[in-house]
Amino acid sequence: MTDAEAADTTPGAERQPHPRPAPGPEAGPLPQAAPGGRTRVLWLAKGLGRGGAEQLLVTCARHLDRDRYEVDVAYVLPWKDALAPALEEAGIRVHCLGGTPGASGRADPRWPLRLRRLAVERGYRLVHTHMPVPAVAARLLLRGPGLHGVRLVHTEHNLWERYRRPTRWANAATYGRNDAVVAVSRAVADTVSRGGRDLGGRLTVVHHGPDLSGAPPGPAARSAARGRLGLPQDAVVVGSVGNLTPKKDQRTLLEAHARLRRTHPGAVLVLIGSGPLEQELRGRAAALGLADGAVVLAGSRPDVPELLPALDVFALSSRQEGLPVALMEAMACGLPSAVTRVGGIPEVVDDGEQGLLVPPADPDALARALARLVGDAGLRDRMGAAARERARRFDAAGAQRAVEAVYARVLGDGRR
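What counts, and where the lines are drawn
- Residues numbered from 1 in each chain as written.
- Predicted model: local features only at pLDDT ≥ 70, side-chain atom pairs only at ≥ 80, totals over all residues.
- Heavy atoms only, no water.
- Core = buried A, V, L, I, M, F, W, Y, C linked by side-chain atoms within 4.5 Å.
- Buried < 20%, exposed > 50% of the residue type's maximum accessible area, 1.4 Å probe, protein only.
- Helix = DSSP H or I, 4+ residues; strand = E, 2+ residues; numbered from the N terminus.
- Contact = heavy atoms within 4.5 Å.
- Phe/Tyr/Trp six-rings, centres within 6.5 Å; stacked < 30°, edge-to-face > 60°.
- Pairing = 2+ DSSP bridges.
- Right-handed = clockwise from strand over helix to strand, strands pointing away.
- Axes fitted to C-alpha atoms, helices over the stretch in contact; angles between N-to-C directions.

A. Here's a closer look at the nonpolar core. Membership of the largest hydrophobic core comes to 40 residues, with the highest contact counts inside it found for Leu231, Val270, Phe314, Leu327 and Val348. Ranked by the residues each element gives to this core, the list is headed by helix α12 (residues 325-332), at five residues. Those residues in contact with Leu327 that lie beyond four places of it in its chain are Phe314, Leu316, Ser337, Val339, Ile345, Val348 and Val349. Counting 35 residues, the second-largest nonpolar core is a separate cluster that includes Ala53, Ala61, Val73 and Val403.

Here's what the structure looks like:
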């Protein structure tokens, strides 16, 4: 044990109400099989904020085969913990590696050592990483005494070339340590392969579907959702869900909406999500003459499935995507879409069938697509029905079974 490890005996601040395992190297590693012969697995993420990749953890937890696997979740950034309660409600033990859950500021730089101690003490047989920074730490540190035979599975959520250069380098240097990689779309898988990473049969594409089992349908749900958002009941509403960041490019969507309102002055745009560009986007909306009521910035919401019925059209102006969970949820709700032709989006939306595809960073093209949908209720109905039908092919439970088949393969337990 290094001096740094000896000085830090906290394997990860575990959220209550779960009892915390007794720390201390003298106890030795716990058995690598959970009670009842289940395999103990760790899902590792950078944060548990309301992003698409993080939401997938909640969805997968709800469909986990608990007869075969006992899963914990660990995350690095203490202030990004919005989805931790949902995981706990699903019966998942949650560990914060970077400090006290909910604390602001920087993550404790000793978090990689805490990850290693947690892995030793909990005796995981498999660690499934999400997002490259924690994945690199896991590949480097989860080896050696007390960690014999730990398998590593990584889910690639983003196009490889979109990572920052240091992240790409660190990811590439350690990628060979993965026993298997799951890509969220074929477009993402292609970028992994193009980078010269020869994974052979270790690369699997799994399209994750939405879990909207609790989302209410029908006119009453539409009326209630519009009431929650303060929207007029008779307006045509375009909506988008996503963090307010450069890669989501809501600025282009605002520009398109301003153009749309020249011909459809009653159209309303709703942006659901929060992020560093919120004030900039508010300022841009004002500069475009989008007065109060023309645009609603609804902030981060825990009730997105219940709000989707308020929309008539779903829009995404992203410059890059792996496979956006928000789009899958909108399609499952029967919403037609106007979305950018990036990443894995063309794998689930056929142009002119379930929605309209446009180039990224092109507000004129996006405005024309929105105008077609806003101005034609029959087209919205046809594309919405096709979107709902397409979404049935992407089943949340089936996606989790596919991931568990990857687990079985790398663990060599003979179960597929």
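Read on, since the account is not over.
B. Highlighting the packing of aromatic side chains. Across all of its chains, the model carries three aromatic pairs by this definition. Where Trp160 meets Tyr163, the ring centres are 6.2 Å apart and the plane angle is 75°; that geometry is what we call edge-to-face. Residue classification places Trp160 among the buried positions, given a relative accessible area of 6%. Through a chain of ring-to-ring contacts, three or more aromatic side chains come together here, namely Trp160, Tyr163 and Tyr175.

C. Structural view of the pairing of strand β6 (residues 126-130). Summarising burial for β6: five of the five residues are buried, a large majority. Residues Leu126, His128 and His130 of β6 are buried on one face, and the alternating residues Val127 and Thr129, pointing to the opposite face, are buried as well. Here strand β3 (residues 38-45) runs beside β6; their pairing, made up of four bridges, is parallel. From the neighbouring strand, Trp43 faces β6, where its bridge partner is His128. Bridging between β6 and strand β7 (residues 151-156) involves five bridges; their strand directions are parallel. Bridge assignment links Val127 to a residue of β7, and that residue is Leu152. Between the parallel elements β6 and β7, the chain passes through helix α5 (residues 132-141) in a crossover that is right-handed.

D. Highlighting the sheet that holds strand β11 (residues 268-272). Read across the open sheet, the six strands follow the order β12-β11-β10-β13-β14-β15; overall the sheet is parallel. Edge positions in the sheet fall to β12 (295-299) and β15 (355-358), since each has one partner strand and no second. Strand-to-strand twist in this sheet, taken as the mean axis angle between neighbours without regard to direction, amounts to 20°. Direction of pairing for β11 relative to β12: parallel, over a ladder of four bridges.

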